[in-house]
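Inside the fold
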Amino acid sequence: MAYISTSRVHGKKQILLILQATAVDSERSYTTTCIGTVNALGQYIPPFFVFKRERKDIRLLDGALPGSQHAVSGKGWINNDLFVKEFLENHIKRYINPP
């Protein structure tokens, strides 16, 4: 599943693409949510992943783009708390220049 959301931040149009991928491992399937942020010029912020786990483990980002960050949730889906506290306040703010 993928959907695109557009919004305006600091007078510039931002495009947020949210992808949800499911990896199948033998008889079990695990949901991992990946949030990628790209603007119209093709500039991007490293992705943010949400894994289905109880505890964070930095090894989950092995092979990911430098600067990628992650969070964990019980089902692997992003929720309002993760989006605001982890993605917006911790991940995105590192890359946005203050006005």
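The notes below deal with the structure included here. These numbers were taken from a predicted model, which means no experiment stands behind them.

Cut-offs used in this document
Residues numbered from 1 in each chain as written. Predicted model: local features only at pLDDT ≥ 70, side-chain atom pairs only at ≥ 80, totals over all residues. Heavy atoms only, no water. Salt bridge = Lys/Arg side-chain N within 4 Å of Asp/Glu carboxyl O. Helix = DSSP H or I, 4+ residues; strand = E, 2+ residues; numbered from the N terminus. Buried < 20%, exposed > 50% of the residue type's maximum accessible area, 1.4 Å probe, protein only. Phe/Tyr/Trp six-rings, centres within 6.5 Å; stacked < 30°, edge-to-face > 60°. Patch = residues over 30% accessible without salt bridge, like charges linked within 9 Å, V, L, I, M, F, W, Y side chains within 5 Å. Areas by Shrake-Rupley, 256 points an atom, 1.4 Å probe, with all protein chains shown as cover.

Structural notes on the pattern of salt bridges
Inspection of every chain in the model, using the stated rule, returns two salt bridges. For Glu86, the salt bridge identified is with Lys56, shortest N-O distance 3.9 Å. Of the two residues, Glu86 is situated in helix α1 (residues 80-91) and Lys56 in the loop between β4 (44-52) and β5 (69-73); the sequence distance between them amounts to 30 residues. The exposure class of Glu86 is partly exposed, given its relative accessible area of 22%. Arg59 is paired through a salt bridge with Asp57; the nearest N and O atoms lie 2.8 Å apart.

Brief notes about the packing of aromatic side chains
As enumerated under the stated definition, the model contains three aromatic pairs in all. Three or more aromatic residues joined by ring pairs form one cluster here, namely Phe48, Phe83 and Phe87.

Some points on a nonpolar patch on the surface
Taken together, the side chains of Val38, Tyr44 and Leu65 define a hydrophobic patch exposed on the protein surface, amounting to about 300 Å² of accessible area. With respect to the helices and strands, Tyr44 occurs in strand β4. Given the relative accessible area of 54%, Tyr44 is considered exposed.

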